[in-house]
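# Fold and geometry: a report
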Amino acid sequence: MKFFRPFLCFLIVLSIFFTIFIGKNKIIEQNKITLPAEYKGIISLWQIDGFEGGSGSRKQFLLKVARDFEKQNQGVLVMVITHTFLSAKESIEKGVLPDLISFSNGVEITQMESLSVSRTVAGGKVGEKVYATAWCRGGYVLIKNPNAKNKETSTIIVSQKEYTQPLVAMMLEGIEFDNVESFSPLDAYVNFTLGKEEYFLGTQRDVVRLINRDFEFESTPLTEYNDLYQYIALTCQDKTKKSIAKQFIDYLLCDKVQKRLNQISMFSPYVEVEYDNENLSSMQKINCKKTISAFNHANTLLQMQQDALNGLKGNQNAINNIKKLLI
């Protein structure tokens, strides 16, 4: 018993010594490992679809890119939010803006910051300054049904979204038909696949639909004009987040990400995206000569659609109006 008490005291003293001089360091080391990365902020990104994609979702593609970006930038979160033309307009009018906006023609944006990026397209510039740059694109394509019933008629079916300009592409390409029947994209596709008309002016989305359906067709990409660009613009006002948002744009434009656009059957304005299908491959290789500004007012785009229709009928004033908008 006499021996046990001193031994117990020794163990107590030893444990206190271990806790103070050794255990404390172990705890600190463990905390260094388990503490989360320094929080840097949440980057909000709006995705607005103004034209049909190829396959899959541009939002989902951006989410995948965002997850990769977050892994490389600990403490950063990128939140991708879907908006329509109307919901985006209402939010902007209320003074609610994200840090980044992915958009196409028809979206009216305020408070954009100029960008310093190496990859640009003409539609995103105002003078010499870049306020938006394209991160992917579609394209117009003339599709022919070799088995159409009415090969003697001069009618073409046209796929047109709210603000897209397929008739401008058709006019500048020199494609002439007596009758032009414009429909919403899905209705245009359905009408074409009924097999009545021989020709269809569509986009990459229609090519993908026809491929998936095993529909026999021939395609010729249009080379003179394209407005099917998905732009990205910086609207962030916070200094810290602005730097991160710019890094995200650079990452979105890098070769590694651009070459993955075949995952959604879209094309890159900058690099060669590989496709096994010849129809999509030929569309990727096209670099159209003309486009329009990404910042045209919605009313201007609606008037442009009407001018294109009149221009196809030979109205020179309408043609001149369109030429003034081309860049």
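Residues numbered from 1 in each chain as written. Predicted model: local features only at pLDDT ≥ 70, side-chain atom pairs only at ≥ 80, totals over all residues. Heavy atoms only, no water.

## Observations concerning the pairing of strand β11 (residues 218–221)
- Because side chains alternate across β11, one face comprises the buried residues S219 and P221, and the other comprises E218 and T220, none of which is buried.
- Relative to β11, strand β7 (residues 140–144) runs antiparallel, the two being bridged by 4 bridges. Following the sheet pairing, V141 is matched in β11 by P221. (Buried < 20%, exposed > 50% of the residue type's maximum accessible area, 1.4 Å probe, protein only. Helix = DSSP H or I, 4+ residues; strand = E, 2+ residues; numbered from the N terminus. Pairing = 2+ DSSP bridges.)

## Some points on the sheet that holds strand β10 (residues 199–203)
- Taken in spatial order, the 5 strands of this open sheet run β9-β8-β10-β7-β11, and their pairing is mixed. What marks the edges here is a single partner per strand, and that holds for β9 (179–183) and β11. Neighbour to neighbour, the strand axes of the sheet diverge by 25° on average, direction disregarded.
- Helix α4 (residues 166–173) rests against β7, β8 (155–159), β9 and β10 of the sheet, and its axis sits at about 135° to β8.
- Sheet contacts for helix α6 (residues 204–213): β7, β8 and β10; angle to β10, the most-contacted strand, approximately 110°. (Axes fitted to C-alpha atoms, helices over the stretch in contact; angles between N-to-C directions. Contact = heavy atoms within 4.5 Å.)

## What about the pattern of salt bridges?
- Within this structure, the stated rule accounts for 10 salt bridges.
- The closest approach of N and O atoms between R58 and D49, which form a salt bridge, is 3.6 Å.
- Overlapping salt bridges, with partners in common, bring together E52, D206 and R209 in one network. (Salt bridge = Lys/Arg side-chain N within 4 Å of Asp/Glu carboxyl O.)

## What about the packing of aromatic side chains?
- Evaluated as defined, the whole model comprises 10 aromatic pairs.
- Relative to Y163, the ring of F85 lies with its centre 5.1 Å away and its plane at 90°, an arrangement referred to as edge-to-face. Here the residue F85 occupies a position in helix α3 (residues 85–93), and Y163 occupies one in the loop between β8 and α4, the gap between them amounting to 78 residues. Accessibility assignment for this pair places F85 and Y163 in one class, buried.
- Taken together, the aromatic side chains of F69, F248 and Y251 make up a single cluster linked through ring pairs. (Phe/Tyr/Trp six-rings, centres within 6.5 Å; stacked < 30°, edge-to-face > 60°.)

## Observations concerning unusual backbone geometry
- Phi at Q111 takes a positive value of approximately 60°, unusual for a residue other than glycine.
- You can see Q111 is positioned in the loop between β3 (100–103) and β4 (125–126).
- Although it is not a glycine, S265 sits at a positive phi angle of roughly 55°.
- Residue placement: S265 occurs in the loop between α8 (255–258) and α9 (278–284).
- Owing to a relative accessible area of 9%, S265 belongs among the buried residues under this scheme.

## A look at the nonpolar core
- One finds L100, F103, W135 and F248 to be the most contacted residues of the largest nonpolar core, which totals 89 residues.
- Among the elements that line this core, the one with the most residues is helix α7 (residues 239–253), at 7 residues. (Core = buried A, V, L, I, M, F, W, Y, C linked by side-chain atoms within 4.5 Å.)

## Description of the sheet that holds β3
- One open sheet holds the 5 strands; their spatial order is β2-β1-β3-β12-β6, and the pairing between them is mixed. Each edge of the open sheet is held by one strand with a lone partner, namely β2 (76–83) and β6 (133–137). Across the sheet, the axes of successive neighbouring strands diverge by a mean angle of 20°, strand direction being ignored.
- Judged from the 3 bridges that link them, strand β1 (residues 41–48) and β3 form a sheet pairing that is parallel. Residue pairing across strands places L45 opposite L100, the latter belonging to β3.
- The strands that helix α2 (residues 58–72) touches are β1, β2, β3, β6 and β12 (229–234); relative to β2, the one it contacts most, it runs at about 175°.
- This element, α3, spans β1 and β2 of the sheet and lies at about 135° to β1.

## With respect to the pairing of β12
- Most of β12 is tucked away, with 6 of its 6 residues classed as buried.
- Across the two faces of β12 the burial is the same, with Y229, Y231 and A233 and Q230, I232 and L234 all buried.
- The sheet contact formed by β3 and β12 spans 4 bridges and is antiparallel. Across the sheet, residue L100 finds its bridge partner in β12, namely L234.
- Here β6 runs beside β12; their pairing, made up of 4 bridges, is antiparallel. Within β12, the residue paired with A134 across the bridge is Y231.

## Re the packing of α2 against α7
- One way to put it is that α2 packs onto α7 with a least axis distance of 11 Å and a crossing angle of 120°. As summarised for this structure, α2 and α7 are arranged oblique, according to the angle between their axes. As for how α2 packs across α7, the hand of that crossing is right-handed. Residues L62, V65, A66, D68, F69 and Q72 of α2 form the contact with α7, whose participating residues are I244, Q247, F248, Y251 and L252.
- The residue makeup of the contact of α2 with α7, split by class, is 8 nonpolar, 2 polar and 1 charged. (Parallel < 35°, antiparallel > 145°, perpendicular 65-115°, else oblique. Left-handed = near helix turned anticlockwise from the far one by under 90°. Nonpolar A, V, L, I, M, F, W, Y, C, P; charged D, E, K, R; others polar.)

## Topic: the packing of helix α10 (residues 298–312) against helix α11 (residues 316–325)
- The interhelical angle for the contact between α10 and α11, taken along N-to-C directions, is 135°, at an axis separation of 8 Å. Put simply, α10 runs oblique to α11. Considering the relative orientation of α10 and α11, their crossing is left-handed. Contacts from T300, M304, D307, A308, N310 and G311 in α10 reach A318, I319, N321, I322 and L325 in α11.
- Residue composition of the contact of α10 with α11, by class: 6 nonpolar, 4 polar and 1 charged.

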